[in-house]
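Structural overview for review
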Amino acid sequence: MNKLRVFADFHNADAKGRVRLNCAGTIADLECPGIVLQDGQLLIIYSEELEVEGVVHYSEEEKLWTAVIDWNAIREVDSVVPQIIPQARDIAS
């Protein structure tokens, strides 16, 4: 099973080093397929040409979702380009 890829800003980390999952790009990635985060869920966290595996954790202190990542495991990847789905055309006209 493929892990869900979710955008996050690596500069938006809390004091414990967890990446906050509350930026606009993250919310868009989660809303499109209707994903509901759960403690312990595995994700691929990405930002531009970087990605890393993360484990979802709810921060009671901040009342928001975070991802625990290994900062030394961040790797470079090809730039992630959003997939554009073409609009259906009315063939009857």
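Just above sits the structure.
Observations concerning the pairing of strand 3 (residues 42-47)
When a strand is regular, its side chains alternate between the sheet's two faces. Taking burial as the measure, the six residues of strand 3 include five buried ones, the bulk of the element. Relative to strand 3, strand 1 (residues 4-7) runs parallel, the two being bridged by four bridges. By the bridge assignment, Arg5 is partnered in strand 3 with Ile44. Alignment of strand 3 against strand 4 (residues 50-59), held across six bridges, turns out to be antiparallel. Residue pairing for strand 4: Leu43 is matched across the bridge by Gly54. In this structure, the hairpin formed by strand 3 and strand 4 is closed by a connection of two residues, where Glu48 is found at a positive phi of approximately 55 degrees.

Examining unusual backbone geometry
If a residue is not glycine, its phi is most likely negative; likewise, a peptide bond is most likely trans. Even without being a glycine, Glu48 presents a positive backbone phi close to 55 degrees. Not every positive phi belongs to a glycine, and Lys63 is a case in point at roughly 60 degrees. Along the chain, the position of Lys63 falls in the loop between strand 4 and strand 5 (64-69). Judged by its relative accessible area of 54%, Lys63 is exposed.

Conventions we followed
Residues numbered from 1 in each chain as written. Predicted model: local features only at pLDDT ≥ 70, side-chain atom pairs only at ≥ 80, totals over all residues. Heavy atoms only, no water. Buried < 20%, exposed > 50% of the residue type's maximum accessible area, 1.4 Å probe, protein only. Helix = DSSP H or I, 4+ residues; strand = E, 2+ residues; numbered from the N terminus. Pairing = 2+ DSSP bridges.

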